[in-house]
Amino acid sequence: EITKGLPGYYVTPTGTGKFPAVIVLMEAFGLNNWCKSICDRLAQSGFAAIAPDFYRGTTYAYTDVAGAVAKLKSLNDDAIMSDVGKSLDFLAGKSEVNANGIGVIGFCLGGRYAFLTNTVYPTKIKAAISFYGGGIDAAPGNPMGQKSLLDRVSAMQSPIMLMYGSEDQMIAAEEHSRIAAALSKAKKRYILNLFPQAGHGFMSDRRDSYSPEAAAEAWMMTTGFFSQNLKPKKQK
């Protein structure tokens, strides 16, 4: 438990020390074994990792899109950010974690929330990575009930990296440019990577949309970006 009533998955690298840490925000399918495997991979790369369970124990099979979407629609942005805040507090209380080196990464549903986290907790997060986060610039009245987050980019203080697949049927290419324009106008540090021949969910080796080449390259970028921004800078 991250805190009373909020389950989660927490893993640390082997050895002792003050580790940088990453909050991992799940896909719409819940805190499943794939999401846990991302935490495990981060730990192998030297980062403590925690995944809060927004669904409180419920997961959906990748084939049950209708169930996952119905659950996603029931979520409230403020409640999710409260869970993220509890995860930040949890990490801050861990002696093995460097509380000045915390990042956030999210996929799908969690990709949008990683973007939002970077605006809600600008002083506590040092880097954010958003994988195919649908609804970052959602149109009013969209079927998922999501609000656009672009009116909040001025609050960001930390660099963000946005990852998209060119064949993602859920996020229009035009949305990439609107997000980039908003970040550029606000003079925020960002990277936007587009992976050709990759679709929505390309990072998950348990989904039909898995793209091994894009996933391998994106993971190298992920660990590099976090190493650059979360680990203490070596003095020259």
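As the structure is a prediction and not an experimental result, all values here were calculated from the model.

### Things to note about the state of the cysteines
Tallied over the entire structure, the rule returns zero disulfides. Lacking any disulfide linkage, C35 is separated from the closest cysteine sulfur, that of C39, by 5.4 Å. C35 sits in the buried class, given a relative accessible area of 2%. Judged by relative accessible area, which is 0%, C39 ranks as buried.

### Thoughts on the sheet that holds strand β5 (residues 127-131)
Pairing in this open sheet of seven strands is mixed, and the strands run β1-β3-β2-β4-β5-β6-β7 from one edge to the other. The sheet is open, and its two borders are formed by β1 (8-11) and β7 (190-195), each paired with just one other strand. Taking each pair of neighbouring strands and ignoring which way they run, the sheet shows an average axis angle of 15 degrees. Relative to strand β6 (residues 160-165), β5 runs parallel, the two sharing four bridges. Looking at the pairing, I129 lines up with M161 of β6. Where helix α5 (residues 173-185) meets the sheet, it contacts β6 and β7, and its direction lies at approximately 165 degrees from that of β7. On top of the sheet, helix α6 (residues 212-230) reaches β2 (19-25), β4 (97-107), β5, β6 and β7; it is set at about 165 degrees to β5, its chief contact.

### Considerations on the pattern of salt bridges
With the rule as written, the count across this model stands at five salt bridges. Between R206 and D205 there is a salt bridge; the shortest N-O distance is 3.1 Å.

Reading the values: rules and limits
Residues numbered from 1 in each chain as written. Predicted model: local features only at pLDDT ≥ 70, side-chain atom pairs only at ≥ 80, totals over all residues. Heavy atoms only, no water. Disulfide = S-S within 2.5 Å. Buried < 20%, exposed > 50% of the residue type's maximum accessible area, 1.4 Å probe, protein only. Pairing = 2+ DSSP bridges. Helix = DSSP H or I, 4+ residues; strand = E, 2+ residues; numbered from the N terminus. Axes fitted to C-alpha atoms, helices over the stretch in contact; angles between N-to-C directions. Contact = heavy atoms within 4.5 Å. Salt bridge = Lys/Arg side-chain N within 4 Å of Asp/Glu carboxyl O.

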